Amino acid sequence: MKISIIISFILFAPTITHTNAKPQQNDQTLIETTCKHTPNYPLCIKTIRAEPTSSNADVAGLGLILVEAVKAKSKVALFAARRLGRSQPKLAKPLKECADVYKAVIEADAPEAEQSIRGDPKFAENGMADAAVEADVCEAAFRGVAKSPLTAANNAVRDLAVVARAVIRNLL
C-alpha cells in the first residue's frame with residue numbers, strides 16, 4: 001500500500017508542479033495585459049514587478065501596488081520640498097506650495113484610492129487623477145521664479161499616478 005502511494009506521488013508530481021506553474025504564468029499575463037492598457041507600459045511593468053506580492057494580485061491589487069508607489073514617491077517629494085525650503089529661502093514660497101500639495105496626496109488622495117479601489121473604484125480613479133494634478137501644481141509653482149528643483153520628483157509622481165489611474169479604470 002505504501003509503495004502504491006509513493007508511486008502515485010512520483011507519477012503525479014510533474015502534474016502538480018505544472019499546475020502550480022500555470023497560475024504564475026497567468027499572473028504574469030495579467031500584469032502584462034493590464035500594463036498594456038496604460039500610457040507607460042515600461043513604468044507599469046517595472047513598478048508592479050518590483051512588488052513581490054504582484055504575482056498573486058488581481059487588477060485591484062495591481063492598482064493598489066501603483067497607488068502605494070505614488071504615495072512613496074510623494075513622500076520623497078514632500079521630504080525634498082521641506083529640506084530645500086530650509087536651505088533655499090528664495091524658493092520658500094513655491095517649496096511650501098509643493099509641500100502642501102504632496103501632503104494632500106499622502107493624506108487624502110492616496111488613502112481615498114486605497115479605501116475605494118475595491119468598493120467604488122471611481123473614487124480611486126479620482127484620487128490618482130488629483131495626485132497627477134498636484135504634481136503639476138508643484139512644478140507650476142516655480143514658473144517665473146526659478147527652475148524647479150523638484151522636476152524629477154514631480155514627473156515621477158505624475159507618471160505613476162497616470163499609470164495607476166489607467167489600471168484603476170479597468171475596474172470601472
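Residues numbered from 1 in each chain as written. Predicted model: local features only at pLDDT ≥ 70, side-chain atom pairs only at ≥ 80, totals over all residues. Heavy atoms only, no water.

**Section: the environment of Ala129**
In plain terms, the rule: The secondary structure listing takes helices from DSSP runs of H or I that are at least 4 residues long and strands from runs of E that are at least 2 residues long, numbered from the N terminus. Relative accessibility under 20% of the residue-type maximum defines a buried residue, over 50% an exposed one, and the middle range a partly exposed one, all with a 1.4 Å probe and only protein chains included.
By the secondary structure assignment, Ala129 is in helix H5 (residues 121–140). Ala129 gets classed as buried once you look at its relative accessible area, which sits at 19%. Measuring from C-alpha to C-alpha, the distance between Ala129 and Val162 comes to 6.8 Å, with 33 residues separating the pair along the chain.

**Overview of the state of the cysteines**
In plain terms, the rule: The disulfide criterion used throughout: a pair of cysteine sulfur atoms within 2.5 Å.
For the coordinates displayed, the defined rule picks out two disulfides. Linked covalently through their sulfurs, Cys35 and Cys44 form a disulfide whose S-S length is 2.1 Å. The chirality of the disulfide connecting Cys35 with Cys44 is left-handed, given an S-S dihedral of about -70 degrees. Cys44 matches Cys35 in its accessibility class, with the two residues each being buried. One disulfide bridge connects Cys98 with Cys138, the sulfur atoms lying 2.0 Å from each other.

**Notes on a positive patch on the surface**
Rules: Surface patches are defined over residues having more than 30% relative accessible area and no salt bridge, joining like charges when they lie within 9 Å and nonpolar side chains (Val, Leu, Ile, Met, Phe, Trp, Tyr) when within 5 Å. Note on areas: Shrake-Rupley with a 1.4 Å probe; residue coverage comes only from the protein chains shown. Whenever Lys or Arg places a side-chain nitrogen within 4 Å of a carboxyl oxygen from Asp or Glu, that contact is recorded as a salt bridge. Under the counting rule used here, the positive set is Lys and Arg, the negative set is Asp and Glu, and His together with the chain ends is not counted. Throughout, a charge is located at the NZ atom of Lys, the CZ atom of Arg, the CG atom of Asp or the CD atom of Glu.
Taken together, the side chains of Arg82, Arg83, Arg86 and Lys103 make up a positively charged region of the molecular surface. Ranked by residue count, the leading element in the positive patch is helix H3 (residues 59–87), at three residues. Counting through the fold element by element, Lys103 comes out in helix H4 (residues 92–116). Judged by its relative accessible area of 36%, Lys103 falls in the partly exposed class.

**Regarding the nonpolar core**
Under the convention used in this document: In this text, buried Ala, Val, Leu, Ile, Met, Phe, Trp, Tyr and Cys residues form a nonpolar core when linked through side-chain atoms within 4.5 Å. A contact between two residues is defined here by any heavy atoms of the two lying within 4.5 Å.
Ile48, Leu66, Val70, Tyr102, Met128 and Leu150 are the most contacted members of the largest nonpolar core, which has 45 residues in total. Counting only elements with at least two residues in this core, the list comes to helix H1 (2–36), helix H2 (41–49), H3, H4, H5 and helix H6 (151–169). Considering each element in turn, this core owes the most residues, 12 residues, to H3. If sequence neighbours within four positions are ignored, Ile48 has contacts with Ile31, Cys35, Ser54, Leu62, Ile65 and Leu66.

**Describing the packing of H5 against H6**
Put simply, the rule reads: Inter-axis angles, ranging from 0 to 180 degrees, are taken between N-to-C directions of lines fitted to C-alpha atoms, where helices are fitted over the stretch in contact. For classification, angles of less than 35 degrees are called roughly parallel, those exceeding 145 degrees roughly antiparallel, those between 65 and 115 degrees roughly perpendicular, and all remaining angles oblique. We call a crossing left-handed when the near helix sits turned anticlockwise from the far one by less than a right angle, and right-handed when that turn is clockwise. When residues are grouped by polarity, Ala, Val, Leu, Ile, Met, Phe, Trp, Tyr, Cys and Pro land in nonpolar, Asp, Glu, Lys and Arg in charged, and all others, Gly among them, in polar.
At their nearest, the axes of H5 and H6 sit 8 Å apart, and the two run at 160 degrees to each other. One way to sum up the angle between H5 and H6 is to call them roughly antiparallel. Handedness of the crossing formed by H5 with H6: left-handed. Taking contact as the criterion, the partners of Pro121, Ala124, Glu125, Met128, Ala129, Ala131, Ala132, Ala135, Asp136, Cys138 and Glu139 in H5 are, on H6, Thr151, Asn154, Val157, Arg158, Ala161, Val162, Ala164, Arg165, Ile168 and Arg169. Split by residue class, the contact of H5 with H6 holds 13 nonpolar, two polar and six charged.

**A closer look at the environment of Ala50**
By secondary structure assignment, the location of Ala50 is in the loop between H2 and H3. A C-alpha to C-alpha distance of 9.4 Å links Ala50 and Ile65, two positions 15 residues apart in sequence.

**What about the pattern of salt bridges?**
If charged atoms from side chains of opposite charge come close, those side chains can pair. Tallied over the full model, the rule gives 10 salt bridges. Between Glu125 and Arg165 there is a salt bridge, with the nearest N and O atoms lying 3.3 Å from each other. Here Arg165 lies in helix H6 and Glu125 lies in helix H5, a separation of 40 residues in the sequence. Take Glu125: its relative accessible area is 0%, and that puts it in the buried class. A residue is classified by how much of its surface remains accessible, and Arg165, at 31% relative accessible area, is partly exposed. The closest approach of N and O atoms between Asp136 and Arg158, which form a salt bridge, is 3.2 Å. In this pair, Asp136 sits in helix H5 while Arg158 sits in helix H6, placing the two residues 22 residues apart along the sequence. Arg158 gets classed as partly exposed once you look at its relative accessible area, which sits at 24%. Several salt bridges converge on common partners, so that one network encompasses Lys122, Glu125, Arg165 and Arg169.

Without other data, these values stay purely geometric and don't point to any function.
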